[in-house]
Amino acid sequence: MATYEETLAKIQEILADALGADEDEVSMSATLVGDLGAESIDFLDIVFNLEKTFDIKIKRGELFPENLAAEGDGLAVDGVVTEEGLAKLRERLPFADIDAFAAEPDVENIQDLFTVDMLVKFVTAKQAAGE
Amino acid sequence: MRWIWIDRFEELVKGVSARAIKNVTLTEDHLHDHFPGFPVMPASLMLEGMAQTGGILLGDLHDFEHIVILAKVPKVTFHSWAVPGDSLAYDAQLLDHRPEGGTVAVKASVGERLVAEAEIVFVHLDQNDPKLGSIDQKNFVFSMKLMGVMEVGRAGSGTESAAGSKCEGT
């Protein structure tokens with residue numbers, strides 16, 4: 001079983017490659033969109049590379065759900081994620097730091113849930129489950 | 001001008017590989033400006049032809065059910081160039097695919113000479129997708145017009161055609 005550091009190193013390499021970032025920019029806490037400049041197209045590229053590198057299968061929307069907090073799904077009211085919404089986010093993004101997000105639960109901050117650390121935890125869990 | 005950057009689709013192994021040909025000719029106006037006195041096929045258009053070859057390979061896998069859009073070119077290297085008279089062969093291999101899209105690796109070569117190689121990511125979009133309207137159609141890898149290149153080979157090589165029998169007759 002790979003250690004956290006080993007998985008992190010491989011993910012740093014994938015992200016540096018996919019996003020044209022320097023490996024030292026790809027710190028554990030870096031956010032994919034805010035810090036590393038990822039766009040929606042890059043998510044697909046990242047998923048392909050994670051599957052190939054770690055020999056795992058990632059279902060559509062499993063890692064990067066589409067239309068999170070889309071209008072009318074009851075996740076947020078006036079641009080702020082509700083308690084119920086937070087519970088849904090915990091369910092859909094079990095490896096994201098929802099507690100930190102809850103301090104300022106604006107819809108526009110949802111993209112910050114996708115961090116390097118989250119990817120490492122996601123991959124580690126997938127490998128442990130043998131998927 | 002028709003946005004077709006391959007002349008003939010030569011081979012398709014479903015879900016595995018595809019090969020198309022692009023013949024470079026001085027009839028193409030842009031070669032007179034790119035560059036005056038040194039006509040070479042623009043790298044961007046070569047990449048477009050590579051994407052069209054790979055896009056058809058991916059589209060065929062799902063029987064052209066989705067619109068295939070060129071999303072990203074994570075890697076591309078141009079090793080050489082192609083000049084009028086060259087026949088560029090684009091060889092595409094399907095690297096990966098999933099419901100949202102796919103990736104291909106494509107090599108462009110003139111004879112034995114490797115001219116370019118690229119990795120290209122495509123996304124799938126469906127006709128009824130609300131995002132469709134906001135996308136420039138130029139990003140579509142193929143339209144039904146482009147699909148015409150798959151019919152080109154059906155005209156045959158010309159050697160066994162009526163032209164031959166006419167010659168015999170005269």
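These numbers were taken from a predicted model, which means no experiment stands behind them.

Considerations on the nonpolar core
In step 1: Among the nonpolar cores identified, the biggest contains 39 residues, and Leu-15 and Leu-32 of chain A are the most heavily contacted of them.
In step 2: Taken together, the elements giving at least two residues each to this core come down to helix H1 (4–19), helix H2 (40–54), helix H3 (83–92), helix H4 (98–102) and helix H5 (116–128) of chain A.
In step 3: Mapped onto the domain boundaries, this core takes at least three residues apiece from domain 1 (1–64 + 115–131) and domain 2 (69–113) of chain A.
In step 4: If near-sequence neighbours (up to four positions away) are discounted, Leu-15 of chain A is found in contact with Gly-20, Ala-21, Val-26, Leu-32, Leu-36, Ile-46, Val-116 and Leu-119 of chain A.
In step 5: Among the nonpolar cores identified, the runner-up in size contains 34 residues, and Ala-20, Val-24, Ile-56 and Leu-57 of chain B belong to it.

Let's talk about the confidence of the model for chain A
In step 1: Averaged over all residues, the pLDDT of chain A equals 91, while 95% of them reach at least 70.
In step 2: Per-element mean pLDDT across chain A ranges from 84 in strand E1 (residues 76–77) of chain A up to 96 in H5 of chain A.

Thoughts on the pairing of strand E4 (residues 87–98) of chain B
All names here are of chain B.
In step 1: Sheet analysis places strand E2 (residues 17–23) next to E4, joined by seven bridges and oriented antiparallel. Across the sheet, Asn-23 pairs through a bridge with Ser-87, a residue of E4.
In step 2: Pairing of E4 with strand E5 (residues 101–110), which is carried by nine bridges, proceeds in the antiparallel orientation. Along E5, the bridge assignment pairs Arg-98 with Gly-101.

Some thoughts on the interface of chain B and chain A
In step 1: Contacts between the two partners involve 15 residues from chain B, matched on the other side by 14 residues from chain A.
In step 2: For the pairing of chain B and chain A, the buried interface totals around 1200 Å² over both sides, and the portion due to carbon and sulfur atoms is 59%.
In step 3: Broken down residue by residue, the surface that chain B buries against chain A is led by Lys-72, Arg-98 and Glu-100 of chain B, which jointly contribute 49%.
In step 4: Counting across the chain B and chain A interface gives three salt bridges.
In step 5: Between Asp-45 of chain A and Lys-72 of chain B there is a salt bridge, and its shortest N-O distance comes to 2.8 Å.
In step 6: Here chain B is connected to chain A by five residue pairs in polar contact (both at pLDDT 80 or more).
In step 7: Of all the secondary structure elements, the ones that give two or more residues to the side of chain B that touches chain A are strand E3 (67–78), E4, E5 and strand E6 (113–125) of chain B.
In step 8: Residue contributions to the side of chain B that touches chain A peak at four residues, all from E3 of chain B.
In step 9: Residue composition of the side of chain B that touches chain A, by class: six nonpolar, four polar and five charged.

Parameters and conventions
- Residues numbered from 1 in each chain as written.
- Chains lettered and ligands numbered in written order.
- Predicted model: local features only at pLDDT ≥ 70, side-chain atom pairs only at ≥ 80, totals over all residues.
- Heavy atoms only, no water.
- Core = buried A, V, L, I, M, F, W, Y, C linked by side-chain atoms within 4.5 Å.
- Buried < 20%, exposed > 50% of the residue type's maximum accessible area, 1.4 Å probe, protein only.
- Helix = DSSP H or I, 4+ residues; strand = E, 2+ residues; numbered from the N terminus.
- Domains from an automatic or database assignment.
- Contact = heavy atoms within 4.5 Å.
- pLDDT = per-residue confidence, 0-100.
- Pairing = 2+ DSSP bridges.
- Buried area = accessible area lost by both parts, 1.4 Å probe.
- Salt bridge = Lys/Arg side-chain N within 4 Å of Asp/Glu carboxyl O.
- Polar contact = N/O pair within 3.5 Å; in protein donor to acceptor, adjacent residues only side chain to side chain.
- Nonpolar A, V, L, I, M, F, W, Y, C, P; charged D, E, K, R; others polar.

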